[in-house]
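Observations on the model geometry
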Amino acid sequence: MSLSPLGLSTLMPQRGINLLEKFGYFLTKASLYVKQIFIEVESAANAYYSFSTAWNASSSFRVEFDILTSATVRSGILSGVTTTNSFVRMEATGTLRLRPNVAGASLDSTIGINDGVLNHIEIVGGAGGATIYTNGVASGSDTQDWSGFFVEELARRAGAEYLEGILSNLKLTDLITPSNSLEFGLNNLIANTETNNGVT
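Residues numbered from 1 in each chain as written. Predicted model: local features only at pLDDT ≥ 70, side-chain atom pairs only at ≥ 80, totals over all residues. Heavy atoms only, no water.

Let us now look at the confidence of the model for the protein. Atom-level detail of predicted coordinates should not be read off regions where pLDDT is low. Here the protein averages 74 in pLDDT, and 68% of its residues register 70 or above. Contacts of residues 1–10 to residues separated by more than four positions or lying in other chains number 33 contacts, the stretch itself having pLDDT below 50. Counted against residues more than four places away or in other chains, residues 186–200, with its pLDDT under 50, gives 40 contacts. (pLDDT = per-residue confidence, 0-100. Contact = heavy atoms within 4.5 Å.)

Written as structure tokens, this is what we have:
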């Protein structure tokens, strides 16, 4: 019986990353390998991840992640580098702010997530708009065009706005082209070691 990893792509640790593997187990009957990872990032160390290949969503997508933070500063969560209009970040108030891959108005959530407990975030977007769900509750929506949402980095935005906290269970789902979907786990990391700008 073979065991296959669930992940589909890779992340590159860039600076000051501590990886805490909380759970890992085999479901041999289902022939699946399931592993959960918590990525702890410290803003003082400017910790972040770069995607080895940028993820560019189609005209309909879903983004999910779990986050634990008590930060009270603006913090990047997902962002583009070459396309800086595209991002998900936490504001100093603890609410989320999203911006699509086009010049346009931002979408803000109404529920704060900097309460020091693990919160589940789901963002469903596309050509007809986007909705933010915080722990299953709709907390913001709009009708602007979110086609081509663009992600290149995790835990920082625009070379600054580093996140201090824990991220887990990141899923980037392309609802039009499923093969373009990504789900990150421990087996997707280039190295399970702490690095400093790629130099061990």
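Take the pairing of strand β12 (residues 129–134) next. The two faces of the sheet receive side chains in turn, since in a regular strand these alternate between them. Summarising burial for β12: 5 of the 6 residues are buried, a large majority. As paired strands, strand β11 (residues 119–126) and β12 are joined by 6 bridges and run antiparallel to one another. Bridge pairing links I121 to T134 in β12. Joining the antiparallel neighbours β11 and β12 is a turn of 2 residues. Both β12 and strand β13 (residues 137–142) contribute to a ladder of 5 bridges, which runs antiparallel. Within β13, the position partnered with A130 by the bridge is D142. (Buried < 20%, exposed > 50% of the residue type's maximum accessible area, 1.4 Å probe, protein only. Helix = DSSP H or I, 4+ residues; strand = E, 2+ residues; numbered from the N terminus. Pairing = 2+ DSSP bridges.)

Note that side chains of opposite charge can pair when their charged atoms are close. Summed over all chains, the structure comprises 9 salt bridges. Salt-bridge contacts for E64 lead to R62; the nearest nitrogen and oxygen are separated by 3.3 Å. Overall, R62 belongs to the partly exposed group, its relative accessible area being 25%. One continuous salt-bridge network, built from bridges that share partners, spans R74, R89, E91, R157 and E161. (Salt bridge = Lys/Arg side-chain N within 4 Å of Asp/Glu carboxyl O.)

Take the side chain of S75 next. With respect to the helices and strands, S75 occurs in strand β7 (residues 75–79). Here S75 falls in the buried class, since its relative accessible area comes to 0%. Of the polar contacts made by the side chain of S75, one reaches the backbone oxygen of V73; its length is 2.8 Å. Once residues within four sequence positions are removed from consideration, S75 is found in contact with R89, M90, E161, Y162 and L163. (Polar contact = N/O pair within 3.5 Å; in protein donor to acceptor, adjacent residues only side chain to side chain.)

A few words now on the environment of L78. By secondary structure assignment, the location of L78 is in strand β7. Exposure remark for L78: the relative accessible area of 0% places this residue in the buried category. Linking L78 and R89, residues 11 residues apart in sequence, is a C-alpha distance of 6.7 Å. Not counting residues within four places of it along the chain, the set of residues in contact with L78 comprises V63, F65, F87, V88, V151, E153, L154, L170 and L172.

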